[in-house]
Each structure stands twice: as C-alpha cells, then as structure tokens.
Amino acid sequence: FAKISSILGFEIDPDAGKIFITGGNGPVGHRVATKLLKAGFPAVRLGAHHPEEMDDKAKEGAEIVKFVWEDPDTYSKALEGIKTVFCSCPYH
C-alpha cells in the first residue's frame, strides 16, 4: 500500500478493503478509479448508471455494477462485500 499511496499522492488505509466508487461514468468517479487501478489497488468496484459504457475500466481490472441513486434496488448488489465507499454525488 505504500507504493499505491506514493503513486496516488495520498495515504490509502491498508484495511480499506474493496472500494466502491459511485459515479463511474462521471468525471470524478472515473478519475478516482483510474488512479486506483493504475496504482495497482486490487479491489475496485465502480457503480455506473450505464455500466455497458465502462468496458475500459473493466479491462483495467475494475468490477462494474449498475448503480442508480434513484433506484434503491441497485444498492444491494453494488454494496455487497464493500468496506469503503468513495461517493461522488450526481448533479442535474
């Protein structure tokens, strides 16, 4: 995790576990996922309104799930086994 933290420029708790990032299709969530994956973080799950548009991140090692703030039925699958959440709220 020291290597990952040095690449990211901030500390990552070694006990962070699998990280769920909301807004995978958005600029913030996408950038956070890119940094974590390029740094070698082993467990990244991206929530996206349109998961079919996330093939690039899946190829980099992220797990992609459908997550829609307005649809609570998407929450269980998105958060199953997650220990840490990076929350990027949508704007309209």
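Below: a short report on this structure.

What counts, and where the lines are drawn
Residue positions are given per chain, counted from 1 along the sequence in the order it is written. Predicted model: local features are reported for residues with pLDDT of at least 70 only, side-chain atom pairs are reported and counted for 80 or more only, and whole-chain, interface and lining totals are derived from all residues. Hydrogens are left out, water is left out, and the side-chain values use all remaining heavy atoms of the structure. Each helix corresponds to a stretch of at least 4 residues labelled H or I by DSSP, and each strand to a stretch of at least 2 residues labelled E; elements are numbered beginning at the N terminus. Summary of the burial criterion: residues with accessible area below 20% of their type's maximum are buried, those above 50% are exposed, and those between are partly exposed, where the area comes from a 1.4 Å probe applied to protein chains only. Side-chain atoms within 4.5 Å link the members of a nonpolar core, which is a set of buried Ala, Val, Leu, Ile, Met, Phe, Trp, Tyr and Cys residues. Residue contacts follow a heavy-atom distance rule, with two residues in contact if any of their heavy atoms lie within 4.5 Å. Between rings of Phe, Tyr and Trp, where Trp is taken as its six-membered ring, a pair exists when centres lie within 6.5 Å; planes separated by under 30 degrees are stacked, by over 60 edge-to-face, and by other angles tilted. Salt bridge, as applied in this entry: a Lys or Arg side-chain nitrogen positioned within 4 Å of an Asp or Glu carboxyl oxygen. By definition, the crossover connecting two strands over a helix is right-handed if that path, from the first strand to the second, turns clockwise as seen with the strands pointing away from the viewer. Here the rule is simple: two strands pair whenever DSSP picks up at least two bridges between them.

Once that is clear, we can look at the environment of alanine 58. Mapped onto the elements, alanine 58 comes out in helix 3 (residues 55-59). What makes alanine 58 partly exposed here is its relative accessible area of 37%. Taking C-alpha positions, alanine 58 is 9.0 Å from leucine 46, a pair spaced 12 residues apart along the chain.

On to the nonpolar core. In terms of nonpolar packing, the biggest core is built from 13 residues, with Ile19, Ile21, Leu36, Phe41, Val44, Leu46 and Ala62 touching the most fellow members. Broken down by secondary-structure element, the contributors of at least two residues to this core are strand 1 (19-21), helix 2 (27-38) and strand 2 (44-48). With residues up to four places along the chain from it excluded, the contact list for isoleucine 19 reads Leu36, Phe41, Ala43, Val44, Arg45, Ile82 and Thr84. Among the nonpolar cores identified, the runner-up in size contains five residues, and Val65, Phe67, Ala78 and Ile82 belong to it.

Position of serine 88 among the secondary structure elements: in the segment after strand 4 (84-86). Judged by its relative accessible area of 16%, serine 88 is buried. If we ignore the near neighbours within four places in the chain, the residues touching serine 88 are Thr22, Gly23, Val28, Gly29 and Trp69.

The full count for this structure, using the stated rule, is three aromatic pairs. Where phenylalanine 20 meets phenylalanine 67, the ring centres are 5.2 Å apart and the plane angle is 75°; that geometry is what we call edge-to-face. In this pair, phenylalanine 20 sits in strand 1 while phenylalanine 67 sits in the loop between strand 3 (63-66) and helix 4 (75-79), placing the two residues 47 residues apart along the sequence. The pair phenylalanine 20 / phenylalanine 67 is uniform in exposure class, with both members buried. Measuring from ring centre to ring centre gives 5.2 Å for phenylalanine 67 and tryptophan 69, while their planes differ by 75°; the resulting arrangement is edge-to-face. Judged by relative accessible area, which is 7%, phenylalanine 67 ranks as buried.

This paragraph deals with the pattern of salt bridges. On inspection of all chains with the given rule, the structure shows four salt bridges. When the shortest N-O distance is used, the salt bridge between aspartate 56 and lysine 57 registers 4.0 Å. Among the residues examined, lysine 57 registers a relative accessible area of 2% and is labelled buried. A cluster of three or more residues bridged by salt bridges with shared partners is formed by Lys18, Arg45 and Glu63.

A large share of strand 2 lies buried, amounting to five of its five residues. With burial as the criterion, each face of strand 2 is covered, one bearing Val44, Leu46 and Ala48 and the other bearing Arg45 and Gly47. Crossover handedness for the path strand 1 to helix 2 to strand 2: right-handed. Examined bridge by bridge, strand 2 and strand 3 share four bridges and lie parallel to one another.

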